[in-house]
Amino acid sequence: MQVIYWSDYACPFCYIGEKILKQAFINLHTNEKLNLIMKSFELDPAASKKVTSTTPERFALKYGLTQERALARINSISEMGRNAGINFNYASTRYTNTLDAHRLTKLAQSKEDKSIAEKLSENLYSAYFTENLELANPDVLINAGVSAGLDESEIKNLLASNKYESEVRQDEQEAHKTGIHSVPFFVIENKYYISGAQSLETMTETLKRGLNINNNFSCGAEGC
């Protein structure tokens, strides 16, 4: 089963949504294999490569909240992450530009071994939301890539160039043309979609549609 999804590594709902979708697929007990393909969607392409504010400060400014209310919402999202089985530390994340992380993902996706891209994705999400590392830091990216099975020298050469930047921009342009303005956005078998980190039940039922498993759940061109 093919699932294409647009995501950013600094997006909390993307990490949570991916975890829920994978669990939903496991729950189907199917002999099919899940081919999960990530496409790039930077939340802020103009973000600095250095940390310029705390997550509560950024959250408060973006949504017009007090620091107290912003932190309460952040903690609520962290609880969602923990309920999905993630050691989720959103309040203390260190936000930076994610372009290089997306370019590194493109490198991983170019490899014959498709598990490398999946491992890298998990490493980068975990680096940001669990370890609270900076995704613009070359050392963080090198460690995540090597741990996933990429060659260290190839990663360093990538980071010293602008390779795969055009592919990242193409993903984002495709999202814009398709009308995707927020992430995560999952497309199942080019037929059905899921917008956001939906419940396990919703994810499961939509995947059933993709596998043509009989159920009473309706999901079509207008969404689920």
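Reading the values: rules and limits
- Residues numbered from 1 in each chain as written.
- Predicted model: local features only at pLDDT ≥ 70, side-chain atom pairs only at ≥ 80, totals over all residues.
- Heavy atoms only, no water.
- Buried < 20%, exposed > 50% of the residue type's maximum accessible area, 1.4 Å probe, protein only.
- Helix = DSSP H or I, 4+ residues; strand = E, 2+ residues; numbered from the N terminus.
- Pairing = 2+ DSSP bridges.
- Right-handed = clockwise from strand over helix to strand, strands pointing away.
- Polar contact = N/O pair within 3.5 Å; in protein donor to acceptor, adjacent residues only side chain to side chain.
- Contact = heavy atoms within 4.5 Å.

*Asks:* What exactly am I supposed to notice about the pairing of strand E1 (residues 2-7) here?
*Replies:* Where a strand is regular, its side chains alternate between the two sheet faces. Across the six residues that make up E1, a large majority, five, are buried. Both E1 and strand E2 (residues 35-40) contribute to a ladder of six bridges, which runs parallel. In the strand pairing of E2, Val 3 is matched with Leu 36. Note that the unit made of E1, helix H1 (residues 12-27) and E2 has a crossover that is right-handed. Here E1 runs beside strand E3 (residues 185-188); their pairing, made up of four bridges, is antiparallel. Looking at the pairing, Tyr 5 lines up with Phe 186 of E3.

*Asks:* Got a minute to help me understand the side chain of Asn 97 in this structure?
*Replies:* Its place among the elements puts Asn 97 in the loop between helix H3 (67-83) and helix H4 (99-109). With relative accessibility at 9%, the residue Asn 97 sits in the buried group. A polar side-chain atom of Asn 97 sits 2.9 Å from the main-chain carbonyl oxygen of Ala 47. Looking at Asn 97, its side chain comes within polar contact range of the main-chain nitrogen of Leu 99, at 2.8 Å. Once residues lying within four places of it in the same chain are set aside, the contact partners of Asn 97 are Glu 42, Asp 44, Pro 45, Ala 46, Ala 47, Ser 48, Lys 49, Leu 135 and Ala 136.

*Asks:* Could you clarify how one ought to interpret unusual backbone geometry in this entry?
*Replies:* Note: most residues except glycine have negative phi, and most peptide bonds are trans. The omega angle of the peptide bond from Val 183 to Pro 184 is 10°, so this bond is cis rather than trans. Looking at the element boundaries, Pro 184 is found in the loop between helix H8 (165-178) and E3. In the Ramachandran plot, His 29 falls in the positive-phi region, its phi being about 50° despite a non-glycine side chain. If you check the backbone angles, Glu 189 has positive phi at about 55° while not being a glycine. Along the chain, Glu 189 turns up in the loop between E3 and strand E4 (192-195).

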